[in-house]
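# Close look at the chain arrangement
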Amino acid sequence: MASRVPLVLLACGSFNPITLQHMRLFELARDHMHQTGQFQVVGGILSPVSDVYGKQGLAPARHRVAMARLALGNSDWVRVDDWESKQADWTETVVTMRHHYNQILEQHQNTAGAPQLKLLCGADFLDTFKVPGLWRDDHVAEVAGRFGVVCVSRGSLQPDRAVHECDTLSRHRNNVFLVREWVSNEISATEVRRALRRGLSVKYLLPDAVIDYIRRHGLYTWESEQRNKGAVLRPLAQQGAPPETLSD
């Protein structure tokens, strides 16, 4: 165990709201990385995107951060970080990774062997790497090559195909770890929001504390779903990709 490389997992996303599936990603990834025999996961970071992301129905960052902290309150290794959510503009994933890696280096400047940092994502996220014009090639190379990616399968999506079809990911495939989810978990934040605005139960899809928070603050209503309607997602606008290349 002492010879293993210490590792921190970072998950970026909307978390709108955080679901049990989001939380399971961390557990699945930790198990997989331990089973490689190479790594010892020493921490996890969940980083909600800022309001400037522009996604339709995106709840204010302060609420998404608060819900995530409630959901992960009992975790002894995953924490919620609000740095990205407080930025004045949308923050590229690679910039968020640099920030957290610099934080890790500062915390371990007087010790030997600072932990590595790898991006934790689902297969749907990995698919975005091959969307023309959405990611800069040098950013993909830095995320996959310098840091590394741990991707958990989701439904019928094939993360190994995403790696195969993206030249940059393929070049760094030895630093892309694909995790198979054998217990199917198809909780969708989009479907959760749809159920909430229709007054349907979402019990056992979200932690009870998150459900209570949503009710107390009146989140995810028909009115709130109109927020950012018609807006182009900030990464699409910034990178110049066609608006239809990303779904909700």
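Residues numbered from 1 in each chain as written. Predicted model: local features only at pLDDT ≥ 70, side-chain atom pairs only at ≥ 80, totals over all residues. Heavy atoms only, no water.

With an unreviewed UniProt entry as reference, the protein is termed Nicotinamide-nucleotide adenylyltransferase, source organism Anguilla anguilla. In the Sequence similarities (unreviewed entry) part of its UniProt record, the protein is described as follows: "Belongs to the eukaryotic NMN adenylyltransferase family." (UniProt positions renumbered as here; feature names shortened; annotations may be inferred.)

### Some details on the nonpolar core
Most often, soluble globular proteins keep nonpolar side chains buried together rather than apart. Core analysis: the biggest nonpolar cluster contains 40 residues, and L9, I18 and L120 have the highest contact counts within it. In terms of nonpolar packing, the next biggest core, distinct from the first, is built from 35 residues, V49, W135, F147 and C151 among them. (Core = buried A, V, L, I, M, F, W, Y, C linked by side-chain atoms within 4.5 Å. Buried < 20%, exposed > 50% of the residue type's maximum accessible area, 1.4 Å probe, protein only.)

### Some thoughts on helix α3 (residues 93-107)
The terminal C-alpha atoms of α3, which comprises 15 residues, lie 21 Å apart, in line with the 21 Å expected from a rise of 1.5 Å per residue. Where α3 is buried, its residues meet β1 (5-13), β2 (39-48), β3 (78-80), β4 (116-122), α4 (123-127) and α5 (137-147). (Helix = DSSP H or I, 4+ residues; strand = E, 2+ residues; numbered from the N terminus. Expected span 1.5 Å × (residues − 1). Contact = heavy atoms within 4.5 Å.)

### Considering the UniProt feature "domain: Cytidyltransferase-like" (unreviewed entry) in the protein
Mapped onto the present numbering, the UniProt feature "domain: Cytidyltransferase-like" (unreviewed entry) falls at residues 10-194. Between the C-alpha atoms that bound residues 10-194 the distance is 27 Å, and the span itself is 41% helix and 17% strand.

### Concerning the packing of α3 against α5
Packing of α3 against α5 leaves a shortest axis separation of 10 Å and a crossing angle of 35 degrees. For the crossing formed where α3 meets α5, the hand is left-handed. Two secondary-structure elements touch here, α3 through V94, M97, R98 and Y101 and α5 through H139, E142, V143, R146 and F147. A class-by-class count of the residues in the contact of α3 with α5 yields five nonpolar, one polar and three charged. (Axes fitted to C-alpha atoms, helices over the stretch in contact; angles between N-to-C directions. Left-handed = near helix turned anticlockwise from the far one by under 90°. Nonpolar A, V, L, I, M, F, W, Y, C, P; charged D, E, K, R; others polar.)

### Here we look at the sheet that holds strand β5 (residues 149-152)
Strand order in the open sheet made by the six strands is β3-β2-β1-β4-β5-β6, with parallel pairing throughout. The sheet is open, and its two edges are formed by β3 and β6 (176-179), each paired on a single side. Averaged over all pairs of adjacent strands, the angle between strand axes in this sheet comes to 25 degrees, irrespective of strand direction. Examined bridge by bridge, β2 and β3 share three bridges and lie parallel to one another. When the bridges of β3 are listed, L46 appears paired with V80. This element, helix α1 (residues 20-35), spans β1, β2, β3, β4, β5 and β6 of the sheet and lies at about 155 degrees to β2. (Pairing = 2+ DSSP bridges.)

### Points about the side chain of R197
Among the secondary structure elements, R197 is positioned in helix α8 (residues 189-197). Not counting the four nearest positions on each side in its chain, R197 is found in contact with Y220, T221, W222 and E225.

### Remarks on the packing of helix α2 (residues 61-71) against helix α9 (residues 208-217)
Running from N to C, α2 and α9 point in directions that differ by 150 degrees, and their axes come no closer than 8 Å. It follows from the interaxial angle that α2 and α9 lie roughly antiparallel. Considering how the two elements wind past one another, α2 and α9 form a crossing that is right-handed. On the side of α2, the interface is formed by R62, H63, A66, M67, L70 and A71, while α9 contributes A209, V210, Y213, I214 and H217. By residue class, the composition of the contact of α2 with α9 is eight nonpolar, two polar and one charged. (Parallel < 35°, antiparallel > 145°, perpendicular 65-115°, else oblique.)

### Describing the environment of G57
Tracing the chain through its elements places G57 in the loop between β2 and α2. A C-alpha to C-alpha distance of 5.9 Å links G57 and Q226, two positions 169 residues apart in sequence. Setting aside anything within four residues of it in sequence, one finds G57 in contact with N16, R193, Y220, S224, E225 and R227.

### Some points on the pattern of salt bridges
Scanning the model with the defined rule gives 13 salt bridges in all. The residue D82 makes a salt bridge to R69 at a minimum N-O spacing of 3.7 Å. Here R69 lies in helix α2 and D82 lies in the loop between β3 and α3, a separation of 13 residues in the sequence. One salt-bridge network, held together by shared partners, links R69, D82 and K86. (Salt bridge = Lys/Arg side-chain N within 4 Å of Asp/Glu carboxyl O.)

### A word on the environment of P6
Note on placement: P6 falls in strand β1. In sequence terms P6 and A114 are 108 residues apart; their C-alpha atoms lie 7.3 Å from each other. When sequence neighbours within four positions are dropped, the list of residues in contact with P6 reads Q40, V42, G113, A114, P115 and Q116.

### Considerations on the pairing of β1
Sheet analysis places β1 next to β2, joined by nine bridges and oriented parallel. If you follow V8 over to β2, its bridge partner there is G43. This β-α-β element, β1 to α1 to β2, shows right-handed connectivity. Pairing of β1 with β4 involves four bridges; the strand directions are parallel. Residue pairing for β4: L10 is matched across the bridge by L119. (Right-handed = clockwise from strand over helix to strand, strands pointing away.)

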